[in-house]
Each structure stands twice: as structure tokens, then as C-alpha cells.
Amino acid sequence: MGQLMKPLTFLLIILIGYLLKRVGLFGAKDYRIMQVVVFDVTLPASILVSFARNPHSVDLLWVTLFGFLAAFVPVPFVFWATRRRPVADRAFLMLNSSGYNIGNFCFPLLQAFYGSGAIVTGAMMDIGNAVMTTAGSNVMTTTLLHVDPDRPITEQHAGDAPTLPAPPRPATAAARRAMRLARLKTIMLGFVRSGPFDMYMVMTIVVLFDLPIPRLLADVLAPLADANPFCSMLMVGMLMELPGSRDDVRDLLQVIGWRIPFGVLFALAAWFLLPLDPTTRQSVALMCFAPTAVFCTLFTDRVLGNARLAGFTLATTSILAMILMTGLHMLMQ
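Attention in this report is confined to the structure presented alongside it. (Residues numbered from 1 in each chain as written. Predicted model: local features only at pLDDT ≥ 70, side-chain atom pairs only at ≥ 80, totals over all residues. Heavy atoms only, no water.)

Right, let's talk about the overall build of the protein chain for a bit. Scanning the protein chain from terminus to terminus reveals 15 helices and 0 strands. Expressed as lengths along the three principal axes of its C-alpha atoms, the size of the protein chain is roughly 55 × 50 × 40 Å. Counting only residues that meet the buried cut, the protein chain has 51% of its 333 residues in that class. Relative to all contacts within the protein chain whose residues are 6 or more apart in sequence, the contacts with residues 24 or more apart total 84%. Total accessible area on the protein chain is roughly 15300 Å²; 68% of this is exposed by carbon and sulfur atoms. Here the protein chain contributes 25 positive and 19 negative side-chain charges, whose respective centroids are spaced 7 Å apart. (Helix = DSSP H or I, 4+ residues; strand = E, 2+ residues; numbered from the N terminus. Buried < 20%, exposed > 50% of the residue type's maximum accessible area, 1.4 Å probe, protein only. Contact = heavy atoms within 4.5 Å. Areas by Shrake-Rupley, 256 points an atom, 1.4 Å probe, with all protein chains shown as cover. Lys, Arg positive; Asp, Glu negative; His and termini not counted. Charge placed at Lys NZ, Arg CZ, Asp CG, Glu CD.)

To continue, consider the pattern of salt bridges. Tallying each qualifying case throughout the model produces 7 salt bridges. One salt bridge connects Asp247 with Arg250, and the closest N-O pair in it is separated by 3.9 Å. With a gap of 3 residues between them, Asp247 and Arg250 both fall in helix α12 (residues 246-273), about one helical turn apart. Asp247 gets classed as partly exposed once you look at its relative accessible area, which sits at 43%. A relative accessible area of 37% means that Arg250 is categorised as partly exposed. A single salt-bridge network, built from bridges that share partners, covers Arg85, Asp89, Asp247, Arg250 and Asp251. (Salt bridge = Lys/Arg side-chain N within 4 Å of Asp/Glu carboxyl O.)

Further remarks concern the environment of Phe113. Counting through the fold element by element, Phe113 comes out in helix α6 (residues 102-114). With relative accessibility at 12%, the residue Phe113 sits in the buried group. In this structure, the C-alpha to C-alpha distance between Phe113 and Ser245, residues 132 residues apart in sequence, is 37 Å.

What follows concerns a nonpolar patch on the surface. A cluster of nonpolar side chains, namely Ile260, Val264, Leu268, Phe272, Leu273 and Leu324, defines an oily patch on the protein surface of about 560 Å² accessible area. Ranked by residues supplied to the nonpolar patch, first place goes to α12 with 5 residues. By the secondary structure assignment, Val264 is in helix α12. Residue class for Val264 comes out partly exposed when judged on its relative accessible area of 39%. (Patch = residues over 30% accessible without salt bridge, like charges linked within 9 Å, V, L, I, M, F, W, Y side chains within 5 Å.)

Right, let's get into the nonpolar core. Membership of the largest hydrophobic core comes to 92 residues, with the highest contact counts inside it found for Ile47, Phe51 and Phe66. Here this core takes 10 residues from helix α2 (residues 31-53), the largest share from any one element. Once you skip the residues sitting within four places of it in the chain, Ile47 turns out to touch Phe107, Ala123, Pro196, Met199, Tyr200 and Met203. (Core = buried A, V, L, I, M, F, W, Y, C linked by side-chain atoms within 4.5 Å.)

Attention shifts here to the side chain of Asp89. One can find Asp89 in helix α5 (residues 87-96). Asp89 gets classed as buried once you look at its relative accessible area, which sits at 18%. Excluding anything up to four places from it in sequence, Asp89 contacts Arg250 and Asp251.

Okay, unusual backbone geometry next. Although it is not a glycine, His146 adopts a positive phi angle of roughly 60°. You will see that Asp210, though not glycine, has its phi angle at about 50°, which is positive. Its place among the elements puts Asp210 in the loop between α9 (195-209) and α10 (215-226). By relative accessible area, Asp210 is classed as exposed at 63%.

Written out as C-alpha cells, the structure reads:
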């Protein structure tokens, strides 16, 4: 029963966030305030404090590579498997079938199950995962489907076609070069403006060169790191929405139908293939069942213009992930 208390507490915090929004104490867009608090304050602090207080080695870069592959592989696979579906359906599945909510969701659970040292494992996996969730999956989806990333699909007259018409190719080499540079700049800014990603890059340098982290810095940031579980779960609750239609429920069930098989596949790969200790492999296997990333919610709203579906997907996969990760942890123990 003791192992269930933390997950149940986290579910209660999610419920509190949702109820406070429903009674009007939080506005519909107030979750953006919590996003700033979590992404730019508590999550980076949690990463730094975990690395400062727990052992870390260059061997954990295997986890980073695994995190990237686990987030990358579903996107082209779903693109191929849905090649006869309408473009809006394909975009939703490609954006939400890959990528993991590790920093906001998994860190609290890993800490509850395995102690603060497991956050280091989570951070190393999230380094690879973040390459896709912060920009990669959105760029691949909009590029492969020829979607204009600056306008929702509903404004692009997509219809039932599997892709939108390819944009006209610039006439000159200079124009094509300028277009590629502009796209690259947008992608790079997406990475640089992410507080957690910047902290991950710093910690990667720390791991590679075995640099010391000042103990005083960790002590000062510890209260902020301790606040991360509560703030993260409250933010999930504030994002939570009920389905707007039967189509939303159908779309969500399709995402779950993709994520669970991929989760099983990657969890087995983590357990049998990673050359690391059992606790680390357990942590990675659990993270393979994490919910959709908050960035997936952002991109779903931006590409499809459906904020309710985005919030409904995040909240439902979060509750499902809580159940699956807790059950898998108890089974492994």
C-alpha cells in the first residue's frame, strides 16, 4: 500500500488543479503561468540538484541515445502506416504517438519509486527525448505532410487528402538558401528558449568532463527542486479537459493504441539491451509508458487548432501512465 501512496497523491494534485479551474479560481489559460514556473524554474532546478547530489557517469549516455531513438522511431512509422488517412488525422497521430513527458511527469514518480538518484537517469533520457519533443517531431510532421506550421490545418483546406500540396519551390538558389536558414533558425530558437533543454546541455558537459557542481548552488536551489513534483502535477490538472466530441475520444483511443505497443517494445528493449544496472534499466522501462509531452499539446493546438483535444490527450495519457508505471514498478519489485 505504501508504494501506491505517492501515485495516488499525484493523482489528487492533478484532480485539484482541474477542479480549481472548473470552479473558476484558475482561468482557462492560467496553465501558461504554471508552464513558465515549471519549465523555467522548478524543472531546471530539479535537474541541477539531482546531478549535484547523486552519482552520474558517462555510461548514462546510452540512456540518452535510447531516449532519442524511442522518441524518433514512431514518427516515420506512423507516417508510413497512416498513408491513406486524412492529413489532420495523420498530423495528430504523428505528434502524439511519440515523445515522453519525462521532466514534468516522470521525475516525481521516479523519485517516489527509486529515490532522487533516479532523476539523473530520467534527465539523461530526457536529453535525447527533448530533441524530438521540443522541435523534432513538429518539424518532421509539418515537413512530411507539407503543413504550414504558422497556420492550423483547418485554415489550409486540407480535406481528406493524406498530405497538403507541396509548397512552391523558391525560384533561385539564394531564395532556397534563405528559406533553409530561416527554418533552421526557428528550430534552433525552439531548443535555446527551452530552459530544461539548456540545463540538459550543461549537465551533459558536466558528465562528459566530470566537472564538479558547487554544493552551495545545489543547497540554494533545493527548495525550488522540491516544488517541482507539486507544480508539475498541478499544471497537468490545469491543462485537463473533457472531450469536445466523439471524434476527440476516437482520436485519443488511436493515440493510446499506438503508444502502448511502442511502450511495450521499448521497455523490453531497455531491459534486455541497455548495458546498465537493473535499477537504471527499470527506470528507463517505466519511462517508456510516460504520457504525451507538454510540447505535444502545444503543437497539437498549433497545427490542428484544437486546444480541448490537446488537453484531453495529455490528461488522459497522464492518468493511464500513472496506472501503468505504478503497476510495472510493483511487478518488477
